[in-house]
Amino acid sequence: MTHKRNLKGIVFLLPSLLGFSVFYLIPFIIAFYYTIVAQGVNASFVGLQYYIELLKNDIFINAFKNTGIFIGICVPISMMCSLGIAMGIKTLHDQKRLLQCIILIPMIIPTASIAFFWKEFFSVQGLFNKILSIGGIEGIDWLNSKYALGIMVYIFIWKNIGYNTILFTAGLYNIPNTYYESASIEGAGSIAQFKYITWVYLFPTTVLVFIMSIINCFKVFKEMYLIAGGYPNESIYMIQHYMNNMFLSLNYQKLSTSAYVLVSFILILMFILRLGQRGIKDED
Amino acid sequence: MVNKNISKTISGLLIMGMITGCGASNATNELKDKQITISTYWPSPYLEEVAKQFEKEHPDVDVKIEAFKEVGEPIKIKEGMEAPGEDKNPNLSLEDYITYLNTAFMGNSAPDLLMLGWVPDYKYAQSGYLVDLTSNIESTSQFTDEQYYMNVLKSCTYKDSIYAVPVAFNVTMLGVYEEAIEKAGLDETTFNEKYWTYKNRRELLDTVRNKEKQQLYLEGGDAINLFHNMYQLESNQFLQVEEKVANFDDNKFITLLKECKQAEENGLLYRGGIEDEAQNSLFTCELGGTTYCLYQPEYIGHVGDTNYAKPLMNEAGEICLNISEKVAITKDAKDQALCWEFIQEMLSEEMEKSPEVDGFPVNRNAATIKNTETAKKINKELRFEGLKLQKQPQEIANELNVKIEEWVNMPYIKPSASDIDDVVYEETEEFFKGNKSAEEVAKNLQAKVYTMLNE
């Protein structure tokens, strides 16, 4: 009976698995070939040469570092803000749904429109500089300055806060109110309630939001590319820029190698996360 | 029962159709054993002529030309003069073509031959996707100095390997308006001696302005235009692609930007469309139009002793030798030997003397024939307007042949990377619009170009 049920499940999953294999898994495995053979007319075996060259390339290192910094800033801020908003919405008595809809609006605006708007807003002749000029502050090309990273962080948070808020809201509603009532009766304050009830029971949702935020950090490349082009200011030159440029330069060796390095990094991160999750489960 | 019979009949028909279809395509393939595919961004009547001739000489070969864009029929302006036809795919851009080519290379299905000239060919050369043609050229007996401009033929190099062969070339010329010369009280010897660098053009302009006390202009256009021309001349100072070196944060680049802007602010450049101003200009600079001086009635003169046109030159004595069309064999070519034979056909005298070849052919005999025909054609056009050339067309053509010989042996500026040039022009526009300072632009450019070169 279990075997039959398993078979049914596999049959239903098959189309999706097939698509995933054909368009993602198999090409990814084939890409490994490009990381170990030389490019050009005579493709000879080169071993790990491309990996070593890549890890010595200061442009790649800078891109990797920038991606790490971007994720390191965006994910915690985005999670804290969205959790705060979700908790705030939960305490409201009315207009909850309206607020949730308003928060989701940035997500439904097409990427090209977002890129166009913010590019114009922060350009030298843009609205932001005009506002600053009222206060007597001289405007600059914000997207080509040291503040470019801050602007991209702001755009990321603005765009993705709604999605994380919805996830957190769902997680918060899954925590029975009786726990909070009991805690209140026992004399626990709001901080203690958050620490021992909300945080603990929200942990699975937090892990999900964490993973989705990291994924969304990589997806923000679309907006970045449309706003700042293939060669933006060095503070927002990300790993995706590097990979995109390698594709356009026909350097499939470096492209595939950087993909493998990135996947390895993500796998290590997921492994650490999994260990952390297990650790907290064991404590429970 | 009836339903079963119907389904059997349909299945049988389908199977028959498949077999017939296979048979039909097999029959078509049997007519031509070999095929050469050539990819080009714009359609090329010249390529079509070569393909026709090659197929005639090689009946077992099918030459397929894949033009990415489609254009309508040429528009006739007047007798003997046509404008290019309408672009039928305005939504398709050069970026789309590059993406198409990159995907083809990645899938090992790139065309056998590739017409370069619009794409960043140094990237394909750098990635090893273009076959090194050095040994092909050296082993082909017809490629000698007597028959070809070998300096030009071997000019498309990346790290000492020849990745493409030019079909035609031209030289960036600097023209001088006759009326302006007369007003300036200058004589022909002034032009006989000098090649015009920016420095001695400015000196001449300042001298004449002070002497004649009249409004004279350096050339037409605006600061951006002047910068583009100057950058073409001086790009080697700021960018060495093969060595992966960028020097945009150098004072020389900042000075160049400021000089171009100052030239416009000081009224040295005239805006187009104002007839009086054009006639008060000493020079006009046209990129890539070598024989344009023969086309312009204002000159009436010709390239030769009267020297109303000379190659533009930088301070290092280098001229701008522009390759208008070049062809390469890709690594995915199924039959490289056959592709090389096709290239030889392209560069033969018979094909290169075609009026469809834009610029001077690399084949010497073809160039000589074309120069004579062009001079005769211009003479005929001028007669319609009541003007005439100062010398006989054949004499002009002979002088031009001598001049070309001189130019191809002069040092020339190696073409820079077109994608880097685009970044330079885009970034510097912010300076000319007044949005950024020259120092800021230089700093941004240096960071961007360094990244592009060293990724």
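Conventions used here
- Residues numbered from 1 in each chain as written.
- Chains lettered and ligands numbered in written order.
- Predicted model: local features only at pLDDT ≥ 70, side-chain atom pairs only at ≥ 80, totals over all residues.
- Heavy atoms only, no water.
- Helix = DSSP H or I, 4+ residues; strand = E, 2+ residues; numbered from the N terminus.
- Buried < 20%, exposed > 50% of the residue type's maximum accessible area, 1.4 Å probe, protein only.
- Contact = heavy atoms within 4.5 Å.
- Areas by Shrake-Rupley, 256 points an atom, 1.4 Å probe, with all protein chains shown as cover.
- Pairing = 2+ DSSP bridges.
- Axes fitted to C-alpha atoms, helices over the stretch in contact; angles between N-to-C directions.
- Buried area = accessible area lost by both parts, 1.4 Å probe.
- Salt bridge = Lys/Arg side-chain N within 4 Å of Asp/Glu carboxyl O.
- Polar contact = N/O pair within 3.5 Å; in protein donor to acceptor, adjacent residues only side chain to side chain.
- Domains from an automatic or database assignment.
- Parallel < 35°, antiparallel > 145°, perpendicular 65-115°, else oblique.
- Left-handed = near helix turned anticlockwise from the far one by under 90°.
- Nonpolar A, V, L, I, M, F, W, Y, C, P; charged D, E, K, R; others polar.
- Core = buried A, V, L, I, M, F, W, Y, C linked by side-chain atoms within 4.5 Å.
- Right-handed = clockwise from strand over helix to strand, strands pointing away.
- Patch = residues over 30% accessible without salt bridge, like charges linked within 9 Å, V, L, I, M, F, W, Y side chains within 5 Å.

J.: So what exactly am I meant to see when it comes to the overall build of chain B here?
T.: Across its full length, chain B holds 19 helices and 17 strands. Among the 455 residues that make up chain B, the fraction classed as buried is 50%. Within chain B, contacts between residues separated by at least 24 positions form 75% of all contacts whose residues are at least 6 apart in sequence. Total accessible area computed for chain B in this model is approximately 21,600 Å², and 50% of it derives from carbon and sulfur atoms.

J.: I would appreciate a short explanation of the overall build of chain A in the present structure.
T.: Looking only at helices and strands, chain A has 13 helices and zero strands in total. Going from the N terminus to the C terminus, chain A shows its helices and strands as α-α-α-α-α-α-α-α-α-α-α-α-α. Dimensions of chain A, computed from C-alpha atoms along their principal axes, come out at roughly 75 × 75 × 35 Å. By element, 70% of the accessible surface of chain A is carried by carbon and sulfur atoms, the whole surface being about 16,500 Å².

J.: I would appreciate a short explanation of the side chain of E223 of chain A in the present structure.
T.: One can find E223 of chain A in helix α11 (residues 221-228). Not counting the four nearest positions on each side in its chain, E223 of chain A is found in contact with T111, I114, A115 and K159 of chain A.

J.: Help me understand the sheet that holds strand β8 (residues 165-171) of chain B in this model?
T.: Residue and element names in this part refer to chain B. Read from one edge of the open sheet, six strands run β2-β1-β5-β16-β8-β17, paired in mixed fashion. Edge positions in the open sheet fall to β2 (61-67) and β17 (360-361), since each of these has one partner strand only. Both strand β1 (residues 34-40) and strand β5 (residues 113-116) contribute to a ladder of two bridges, which runs parallel. Pairing of S39 across the sheet is with L114, part of β5. Each of β1, β2 and β5 touches helix α3 (residues 94-106); the most contacted strand, β1, lies at about 145° to it.

J.: Hey, could you run me through helix α14 (residues 336-346) of chain B in this one?
T.: Since the α-helix advances by 3.6 residues per turn, residues separated by three or four positions end up pointing in the same direction. Across the 11 residues of α14 of chain B, eight count as buried, placing the element largely inside the fold. For α14 of chain B, the set of buried residues is L338, C339, W340, F342, I343, Q344, E345 and M346 of chain B.

J.: How should the interface of chain B and chain A be read in this particular structure?
T.: How big an interface is tends to be expressed through the accessible area that disappears when the partners come together. Across the boundary between the two partners, chain B contributes 22 residues, which contact 24 residues of chain A. The contact between chain B and chain A buries some 2,200 Å² in all, and 55% of this surface belongs to carbon and sulfur atoms. Per-residue buried area on chain B facing chain A is highest for N102, M106 and E455 of chain B; these three make up 30% of the total on that side. Run the count over chain B and chain A and you get one salt bridge. Taking the shortest distance from any N to any O, the salt bridge between D141 of chain A and K436 of chain B comes out at 2.7 Å. The interface formed by chain B and chain A includes 13 residue pairs in polar contact (both at pLDDT 80 or more). Looking at the side of chain B that touches chain A, the elements that each hand over two or more residues are α3, α4 (121-126) and α19 (438-454) of chain B. Looking at the side of chain B that touches chain A element by element, the count peaks at seven residues for α19 of chain B.

J.: Just checking my understanding: could you explain the environment of E95 of chain B for this structure?
T.: Along the chain, E95 of chain B turns up in helix α3. Counting along the chain gives 19 residues from E95 of chain B to L114 of chain B, while the straight-line C-alpha distance between them is 16 Å.

J.: Help me understand the pattern of salt bridges in this model?
T.: Any two side chains of opposite charge can pair, given that their charged atoms come close. Residue and element names in this part refer to chain B. Summed over all chains, the structure comprises 16 salt bridges over all chains. Linking K34 and D60 is a salt bridge whose minimum nitrogen-to-oxygen distance equals 4.0 Å. Within this pair, whereas K34 is found in strand β1, its partner D60 is found in the loop between α2 (45-57) and β2, the two being separated by 26 residues in sequence. Using a relative accessible area of 28% as the deciding quantity, one classes D60 as partly exposed. Residue K258 is joined to E439 by a salt bridge in which the shortest nitrogen-to-oxygen separation is 2.9 Å. With K258 in helix α11 (residues 251-265) and E439 in helix α19, this pair connects stretches of sequence that are 181 residues apart. For K258, a relative accessible area of 40% translates into the label partly exposed.

J.: How should I be thinking about the side chain of N371 of chain B in this particular structure?
T.: All names here are of chain B. The topology assignment puts N371 in helix α16 (residues 364-384). A relative accessible area of 4% means that N371 is categorised as buried. Those residues in contact with N371 that sit more than four places away from it in its chain are F360, A397, L400, N401 and I404.

J.: So what exactly am I meant to see when it comes to the pairing of strand β16 (residues 321-329) of chain B here?
T.: Residues and elements named next belong to chain B. Counted residue by residue, β16 has seven buried out of nine residues, so it is predominantly covered. Pairing between β5 and β16: four bridges, direction antiparallel. For L116, the partnering residue across the bridge sits in β16 and is K326.

J.: It is not clear to me how the domain arrangement of chain B should be interpreted in this structure. Could you clarify?
T.: Residue and element names in this part refer to chain B. When cut into domains, chain B gives domain 1 (2-167 + 325-361) and domain 2 (173-319 + 414-453). Overall, the association of domain 1 and domain 2 removes approximately 770 Å² of surface from exposure, summing both partners, and the carbon and sulfur fraction of that is 53%. Together, Y122, K159 and F360 form the three largest contributors to the area buried by domain 1 at its contact with domain 2, with a combined 53%. For the interface between domain 1 and domain 2, the tally reads one salt bridge. There are three residue pairs in polar contact (both at pLDDT 80 or more) connecting domain 1 and domain 2.

J.: Even after reading the chapter, I still don't get the packing of helix α3 (residues 58-91) of chain A against helix α10 (residues 203-219) of chain A, so can you show me in this structure?
T.: For any two helices packed against each other, the geometry is given by the interaxial angle and the distance between the axes. Residue and element names in this part refer to chain A. Running from amino to carboxyl end, α3 crosses α10 at an angle of 135°, the nearest separation of the two axes being 10 Å. Taken together, the axes of α3 and α10 lie oblique to each other. Our pair here, α3 against α10, has a crossing hand that is right-handed. Across from T67, F70, I71, C74, V75, S78 and M79 in α3, the residues of α10 making contact are T206, V209, F210, S213, I214, C217 and F218. Among the residues forming the contact of α3 with α10, the class breakdown is 10 nonpolar, four polar and no charged.

J.: I would appreciate a short explanation of the nonpolar core in the present structure.
T.: Burial of nonpolar side chains together is a common tendency in soluble globular proteins. If you look at the biggest cluster of nonpolar residues, it comprises 130 residues, and the most contacted ones within it are F70 of chain A together with F227, Y231, F248, F253, I420 and V424 of chain B. In terms of residues, this core owes the most to one element, helix α7 (residues 148-173) of chain A, which gives 12 residues. Residue assignment places this core across two domains, with domain 1 (2-167 + 325-361) and domain 2 (173-319 + 414-453) of chain B each supplying three or more. With near-sequence residues (within four places) excluded, F70 of chain A lies in contact with L149, M152, V153, F156, C217, V220, M224 and M238 of chain A. Counting 51 residues, the second largest nonpolar core, distinct from the first, contains V63, F169, C339 and W407 of chain B.

J.: Just checking my understanding: could you explain the pairing of β2 of chain B for this structure?
T.: Regular strands show a simple pattern: their side chains alternate between the two faces of the sheet. Residues and elements named next belong to chain B. Note that β1 and β2 share seven bridges and pair parallel. Residue pairing in the sheet places K34 in a bridge with V61 of β2. What joins β1 to β2 is α2, and the crossover it makes is right-handed.

J.: Please explain a nonpolar patch on the surface as it appears in this structure.
T.: Together, L18, F20, V22, F23, Y24, L25, I26, I29 and I30 of chain A line one region of the surface with nonpolar side chains, adding up to about 950 Å² of accessible area. Inspection of the secondary structure assignment puts Y24 of chain A in helix α1 (residues 2-36).

J.: Would you explain unusual backbone geometry in this entry?
T.: Note: most residues except glycine have negative phi, and most peptide bonds are trans. A positive phi angle is found at N108 of chain B, which is not glycine, with a value near 55°. Mapped onto the elements of the fold, N108 of chain B is located in the loop between α3 and β5.

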